[in-house]
Amino acid sequence: GDSVTQMEGPVTLSEEAFLTINCTYTATGYPSLFWYVQYPGEGLQLLLKATKADDKGSNKGFEATYRKETTSFHLEKGSVQVSDSAVYFCALIRRGGNEKLTFGTGTRLTIIP
Amino acid sequence: ETGVTQTPRHLVMGMTNKKSLKCEQHLGHNAMYWYKQSAKKPLELMFVYSLEERVENNSVPSRFSPECPNSSHLFLHLHTLQPEDSALYLCASSQTGSNSPLHFGNGTRLTVT
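The structure displayed is predicted, hence computed values, not measured ones.

(A) Examining the sheet that holds strand 3 (residues 18–25) of chain B more closely. Residue and element names in this part refer to chain B. The sheet built from four strands is open, its strands ordered 1-3-8-7 with antiparallel pairing. In this open sheet, the two strands that pair with only one neighbour each are strand 1 (4–7) and strand 7 (64–70). Strand-to-strand twist in this sheet, taken as the mean axis angle between neighbours without regard to direction, amounts to 20°. Alignment of strand 7 against strand 8 (residues 73–79), held across five bridges, turns out to be antiparallel. In the strand pairing of strand 8, proline 66 is matched with leucine 76.

Below you can see the structure in the form of structure tokens.
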């Protein structure tokens, strides 16, 4: 079945540091890939997405590139801020599948000033 | 305003109580979902409704009873819950057939005493 594996947290970084959160997936066919973010006390919000190989999703300074050859969708940001502290979830939907999002377990990110 | 509104935001109930969680989406989507988010566990998909028909029920105990009266509203009726049912319950909606992302509400934090 489909699965998403992301690096375990928690991750703690200083403000302005470079961020990478690794995500790899297993799925038949050609899934669409997503990163969601959950701020404290809130639901999940879509951060960015990519629907085909070599697509780059970007939003709020975050980027992730759909790498089919390595089945990866790593999240990066060049300079993090305290306000980026949240839990980040990698997810996929398999095309032609049953519309269910398959989530990773989430990575808690804490940015210290 | 997320487009998906959940009420109440917080709920405390005893094991013998009956309560309901409500979700309303204003996005014109045709599918709605209930997820359970427990501490240190992956997001669990509970129910999926597509075009107001239940299409997914992931072995959820019968003390959880969903209801989808129309494409904009989703309920989760609760009765005789257990303390381990304490969690954040997230509602989401999407437009099926487009691999579009799910849009989440802010969740209901449920505590069972």
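Next comes the rest of the account.
(B) Broad picture of the sheet that holds strand 7 (residues 56–59) of chain A. Residue and element names in this part refer to chain A. The four strands lie next to each other as 3-9-8-7, forming an open sheet whose pairing is antiparallel. The outermost strands of the open sheet, each flanked by one partner alone, are strand 3 (19–21) and strand 7. Direction aside, neighbouring strands of the sheet carry axes that sit 20° apart on average. Summarising the sheet, strand 8 (residues 62–65) and strand 9 (residues 75–77) pair through three bridges and their orientation is antiparallel. Bridge pairing in strand 9 places glutamate 63 opposite glutamate 76.

(C) Here's a closer look at the state of the cysteines. Scanning the entire structure with this criterion turns up two disulfides over all chains. The disulfide that involves Cys23(A) links it to Cys90(A), with 1.9 Å between the sulfurs. Measuring handedness by torsion sign, the sulfur bridge of Cys23(A) and Cys90(A) sits at about -70° and is left-handed. Of this pair, Cys23(A) sits in strand 4 (residues 23–26) while Cys90(A) sits in strand 10 (residues 86–93), placing them 67 residues apart in sequence. Judged by relative accessible area, which is 1%, Cys23(A) ranks as buried. Classification of Cys90(A) as buried rests on a relative accessible area of 1%. Between the sulfur of Cys23(B) and that of Cys91(B) lies a disulfide, 1.9 Å long from S to S. Measuring handedness by torsion sign, the sulfur bridge of Cys23(B) and Cys91(B) sits at about -75° and is left-handed. Separated by 68 residues along the polypeptide, Cys23(B) in strand 3 and Cys91(B) in strand 9 (residues 87–94) bring together distant segments of the chain. Summarising the burial analysis for this pair, Cys23(B) and Cys91(B) share the class buried. Here Cys68(B) stays unpaired: no disulfide links it, and the sulfur of Cys91(B), its closest cysteine neighbor, is 9.0 Å away. On the basis of relative accessible area, Cys68(B) is assigned to the buried category, the value being 11%.

Basis of the calculations
Residues numbered from 1 in each chain as written. Chains lettered and ligands numbered in written order. Predicted model: local features only at pLDDT ≥ 70, side-chain atom pairs only at ≥ 80, totals over all residues. Heavy atoms only, no water. Pairing = 2+ DSSP bridges. Helix = DSSP H or I, 4+ residues; strand = E, 2+ residues; numbered from the N terminus. Axes fitted to C-alpha atoms, helices over the stretch in contact; angles between N-to-C directions. Disulfide = S-S within 2.5 Å. Buried < 20%, exposed > 50% of the residue type's maximum accessible area, 1.4 Å probe, protein only.

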